[in-house]
Amino acid sequence: MSAGELTGLSLQAASARLAAGQVSSRQLTEACLARVAATDGRVGAFLTVTGERALAAADASDARRASGRASGPLDGIPVAVKDLFLTRGVATTAGSRILEGFIPPYDGTAVARLQAAGAVLLGKLNLDEFAMGSSNEHSAYKPCHNPWDLSRTPGGSSGGSAAALAARQCFGTLGTDTGGSIRLPASFCGVVGLKPTYGRVSRYGVIAFASSLDQPGPLGRTTWDVAALLSAIAGPDPHDPTCAARPADDYLSALENGARGLRIGVPREWFGGGLQPEVEARVREALATYQRLGATLVEISLPHSRYGIGAYYLIATAEASANLARYDGVRFGLRAPGVRGLKELYAESREQGFGAEPKRRIMLGTYALSAGYYQADYLRAQQVRTLIRRDFDAAFTRCDVVAGPVAPWPAFKLGEKTGDPLQMYLADIFTITCNLAALPGLSVPCGLAGGLPVGLQLVGRPFDEATLLTAARALERELGPPPAPTALEAKA
Amino acid sequence: MPLSIDEVRRVAALARLKLSPEEERLFAGQLSAILDHVRELESLDVSGVPPMTHALAEGEAVALRPDLPVPGLTPDEALANAPSRQGTCFKVPRIIE
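Residues numbered from 1 in each chain as written. Chains lettered and ligands numbered in written order. Predicted model: local features only at pLDDT ≥ 70, side-chain atom pairs only at ≥ 80, totals over all residues. Heavy atoms only, no water.

Asks: Could you give me a rundown of the overall build of chain B, with the residues and numbers involved?
Replies: On a plain count of helices and strands, chain B comes out with three helices and two strands. Listing every helix and strand of chain B by position from the N terminus yields α-α-α-β-β. For chain B, the C-alpha atoms occupy an extent of roughly 55 × 50 × 25 Å along the three principal directions. Every one of the 97 residues in chain B was classed for burial, and the buried ones make up 33%. The contacts in chain B between residues at least 6 apart in sequence include a share of 27% that link residues at least 24 apart. Carbon and sulfur atoms make up 58% of the accessible area of chain B, which totals about 6,400 Å². Both charge centroids of chain B, one from 10 positive and one from 15 negative side chains, sit 13 Å from each other. (Helix = DSSP H or I, 4+ residues; strand = E, 2+ residues; numbered from the N terminus. Buried < 20%, exposed > 50% of the residue type's maximum accessible area, 1.4 Å probe, protein only. Contact = heavy atoms within 4.5 Å. Areas by Shrake-Rupley, 256 points an atom, 1.4 Å probe, with all protein chains shown as cover. Lys, Arg positive; Asp, Glu negative; His and termini not counted. Charge placed at Lys NZ, Arg CZ, Asp CG, Glu CD.)

Asks: How would you sum up the interface of chain B and chain A? Please name residues and give values.
Replies: Across the boundary between the two partners, chain B contributes 56 residues, which contact 73 residues of chain A. In total, about 5,500 Å² of surface goes out of reach between chain B and chain A, with carbon and sulfur atoms giving 67% of it. For the pair chain B and chain A, the number of links is six salt bridges. Glu40 of chain B is paired through a salt bridge with Arg306 of chain A; the nearest N and O atoms lie 2.4 Å apart. Where chain B packs against chain A, one counts 21 residue pairs in polar contact (both at pLDDT 80 or more). (Buried area = accessible area lost by both parts, 1.4 Å probe. Salt bridge = Lys/Arg side-chain N within 4 Å of Asp/Glu carboxyl O. Polar contact = N/O pair within 3.5 Å; in protein donor to acceptor, adjacent residues only side chain to side chain.)

Asks: Lay out helix α10 (residues 308-323) of chain A in plain terms, naming residues and giving numbers.
Replies: Side chains three or four residues apart in an α-helix point the same way, a direct result of the helix having 3.6 residues per turn. Over its 16 residues, α10 of chain A runs 22 Å from end to end, which matches the ideal 22 Å to within 8%, given 1.5 Å per residue. Burial runs high along α10 of chain A: 15 of the 16 residues are buried. (Expected span 1.5 Å × (residues − 1).)

Asks: Would you mind going over a nonpolar patch on the surface in detail, with residue names and values included?
Replies: Residues and elements named next belong to chain B. Nonpolar side chains collect at one region of the surface, where Val92, Ile95 and Ile96 lie side by side and expose about 300 Å² of accessible area between them. Note that Val92 resides in the segment after β2 (89-90). Look at Val92 and you get partly exposed, because its relative accessible area is 30%. (Patch = residues over 30% accessible without salt bridge, like charges linked within 9 Å, V, L, I, M, F, W, Y side chains within 5 Å.)

Asks: Talk me through helix α1 (residues 5-14) of chain B; I want residue IDs and the actual numbers.
Replies: Turning to α1 of chain B, its buried residues number three or more, namely Glu7, Val8, Val11 and Ala12 of chain B. Each buried residue of α1 of chain B lies within a common arc of 135° when the element is viewed along its axis, so the set occupies one face. Residues of α1 of chain B that are buried sit in contact with α12 (356-369) of chain A together with α2 (21-38) of chain B. Immediately downstream of α1 of chain B, the backbone of Arg16 of chain B shows phi near 55°, a positive value. (Arc of directions from axis to C-beta.)

Asks: Go over the pattern of salt bridges, please, and point to the residues and values.
Replies: All names here are of chain A. The full count for this structure, using the stated rule, is 34 salt bridges over all chains. Between Lys359 and Glu351 there is a salt bridge, and its shortest N-O distance comes to 3.1 Å. No difference in accessibility class separates Lys359 from Glu351, as the two residues are buried. Connected via shared salt-bridge partners are Glu256, Arg473, Glu476 and Arg477.

Asks: Can you lay out the packing of helix α8 (residues 223-233) of chain A against helix α16 (residues 465-479) of chain A for me, pointing to particular residues and giving the numbers?
Replies: Residues and elements named next belong to chain A. Contact geometry of α8 with α16 gives a least axis separation of 9 Å together with a crossing angle of 160°. Between α8 and α16, the angle falls in the class roughly antiparallel. Crossing hand, α8 versus α16: left-handed. Of α16, the residues touching α8 (which contributes Thr223, Val226, Ala227 and Leu230) are Glu465, Leu469, Ala472, Arg473 and Glu476. Split into classes, the residues belonging to the contact of α8 with α16 amount to five nonpolar, one polar and three charged. (Axes fitted to C-alpha atoms, helices over the stretch in contact; angles between N-to-C directions. Parallel < 35°, antiparallel > 145°, perpendicular 65-115°, else oblique. Left-handed = near helix turned anticlockwise from the far one by under 90°. Nonpolar A, V, L, I, M, F, W, Y, C, P; charged D, E, K, R; others polar.)

Asks: Summarise the sheet that holds strand β11 (residues 452-460) of chain A; cite the residues concerned and give the values.
Replies: All names here are of chain A. Spatially, 11 strands are ordered β1-β3-β2-β4-β6-β5-β10-β11-β9-β7-β8 in an open sheet, and the strand pairing comes out mixed. This sheet does not close on itself; its edge strands, each paired only once, are β1 (46-49) and β8 (296-300). Taking the axes of each pair of neighbouring strands and ignoring which way they run, one obtains an average angle of 30° across the sheet. Where strand β2 (residues 78-82) lies against strand β4 (residues 172-177), three bridges are found, and the strand directions are parallel. Note on β4: the bridge partner recorded for Val79 is Gly172. Sitting on the sheet, helix α5 (residues 109-116) is in contact with β2, β3 (120-125) and β4, with an inclination near 180° to β2. (Pairing = 2+ DSSP bridges.)

Asks: Kindly report on the side chain of Thr153 of chain A, identifying the contributing residues and their values.
Replies: Summarising the element assignment, Thr153 of chain A is placed in the loop between β3 and α6 (159-166). According to the relative accessible area criterion, Thr153 of chain A is buried, its value standing at 0%.

Asks: Describe in detail the pairing of strand β9 (residues 401-405) of chain A, supporting the description with residues and values.
Replies: Residues and elements named next belong to chain A. Across the five residues of β9, five count as buried, placing the element largely inside the fold. Two elements, strand β7 (residues 263-267) and β9, share two bridges in a ladder whose sense is parallel. Each bridged residue has a counterpart across the sheet, and for Gly265 the counterpart in β9 is Val402. Across five bridges, the pairing between β9 and β11 is antiparallel. Bridge pairing in β11 places Val401 opposite Gly460.

Asks: I'd like to hear about the confidence of the model for chain B, residue by residue, with values.
Replies: Caution applies to low-pLDDT regions: their predicted coordinates should not be interpreted in detail. Counting all residues, the mean pLDDT for chain B is 92, and 98% of those residues have values of 70 or more. Prediction confidence for the complex, expressed as pTM and ipTM, is 0.97 and 0.95 respectively. (pLDDT = per-residue confidence, 0-100.)

Asks: Before we move on, can you summarise unusual backbone geometry with the specific residues and values?
Replies: The linkage connecting Gly156 of chain A with the following residue, Ser157 of chain A, adopts the cis geometry, with an omega of 5°. One non-glycine residue, Arg16 of chain B, lies in positive phi territory at about 55°. Tracing the sequence through the fold places Arg16 of chain B in the loop between α1 and α2. By relative accessible area, which is 34% here, Arg16 of chain B ends up partly exposed.

Asks: Tell me about the side chain of Thr50 of chain A, and name the residues and values.
Replies: All names here are of chain A. As for its position among the elements, Thr50 is in the loop between β1 and α4 (51-66). Within the structure, Thr50 has its side chain in polar contact with the backbone oxygen of Leu121 (distance 3.1 Å). Beyond its immediate chain neighbours, meaning those up to four positions away, Thr50 contacts Val90, Leu121, Leu122 and Gly123.

Asks: Summarise the packing of aromatic side chains; cite the residues concerned and give the values.
Replies: Residues and elements named next belong to chain A. Under the counting rule described, the total for this entry stands at 13 aromatic pairs over all chains. Ring geometry for Tyr327 against Phe354: centres 6.2 Å apart, planes inclined by 85°, an arrangement best described as edge-to-face. Of the two residues, Tyr327 is situated in the loop between α10 and α11 (342-353) and Phe354 in the loop between α11 and α12; the sequence distance between them amounts to 27 residues. On the basis of relative accessible area, Tyr327 is assigned to the buried category, the value being 6%. (Phe/Tyr/Trp six-rings, centres within 6.5 Å; stacked < 30°, edge-to-face > 60°.)

The structure is reproduced here in structure tokens:
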């Protein structure tokens, strides 16, 4: 098999070849590194490539396998993680100048579990600064480009995590999702992305943005790949006091169970104004496919959906303003030179280190929490959050999953929305309620609109990732794998 | 309700941000537009609705560790990213004049 054919495999297929002795982890890793070297100048998915470490890890995996001690489907598989995950000894920036040169002294739990499962870490992936954004354009380092059309955004904030998969640079990635940051890029780049239930995957060692909404999760080119990655990272972690104690499910065993008998809730509020007709057509076709497979469609209502963006931008920014208070130039990160006094050290370091979007959100969150506004804004937003959660609780008495679009449109042009923050925020209009309700949500490819990928969103009951993955697999099996993007090949 | 420049400066001071005059003007406009959108929430009757206080459902058990001493970072590891240090301390500019 040529290096190009190797990098085009799914994680599942690569894993099967490793197990059969048809390929080594070193060969896979070298093929991925070569692919990154050949394409990433145009994609911009990686902020750091850890080539030597990766090759050493690949050799260690091959040695384990040779002695009969290979540890499972991820052993020897090249992966990469969003640069929001702490990686011991490897620079971690959160896409921000304020953390330039920061070398974490420990691994985050999800990263540690991937590595314990034998996965080979290729490097750290591009993102919006502190995961704040929907287009990856708020990265302080470089923009990331959509492999389907290099003039378009891969989505954000986990833009690099989706673009690297679409560009065939690795076999699996981790991202984080606070308001849609896994599902939106997965939709825009034609890959599968899962935002687990709040508390399913440990947040330990994931740089915090909004602590009651943030959730790490996997992205892959297929549902099997995502299920395998989730199996490795999910489960209780004593290092994260918000991580659920219940054990993780076996996400692979039920994957082929099909959609027969599944009750799919279709919220009328998610098909409203602003949804592009061609995107709606792909989503409706996917729903019709489910009917053909034996699922039932149930019309439901999530009446408070329209308040999601408003509640989110008070709660998320309030939490962000508190979480980002730690960047003060004292213990790590950027310190402004030549300042007098501690107050000036804080203010100057933050002014120089933060980009426009974190500043905007810190300002909004500080405002929402300040005297005179807390009751009117922040507390009300938390009440609205309860109403949104109740909407879903009511819906799940009549259906097993909720289905709709991930975003109103396919990937938009770079630069199209950077001048108007509110327009950018509206990219998350269909994904954000899932975070507010702390539910699991997934994006699975459901076809193309204008030559660009469209994702179907599935939202499930708390801790029912298994049903989401099984439902997504049923559609994937029916539609077949999405074609590989050709934008990179045309100019190669 | 547009945000005044004075209001922007008050919030920036609370947030320990030193904004440039251009940023103050830009944020006054942008934050006003976002707050206008957010204020749509005021049209909802939320009387009697409890605020969500935890993202985990009530009764969901969390994983707690046993209360036992475990090794942590060494002083050198903890200080490895310090912009300035002296011995085992983070060094900052003079606080008391």
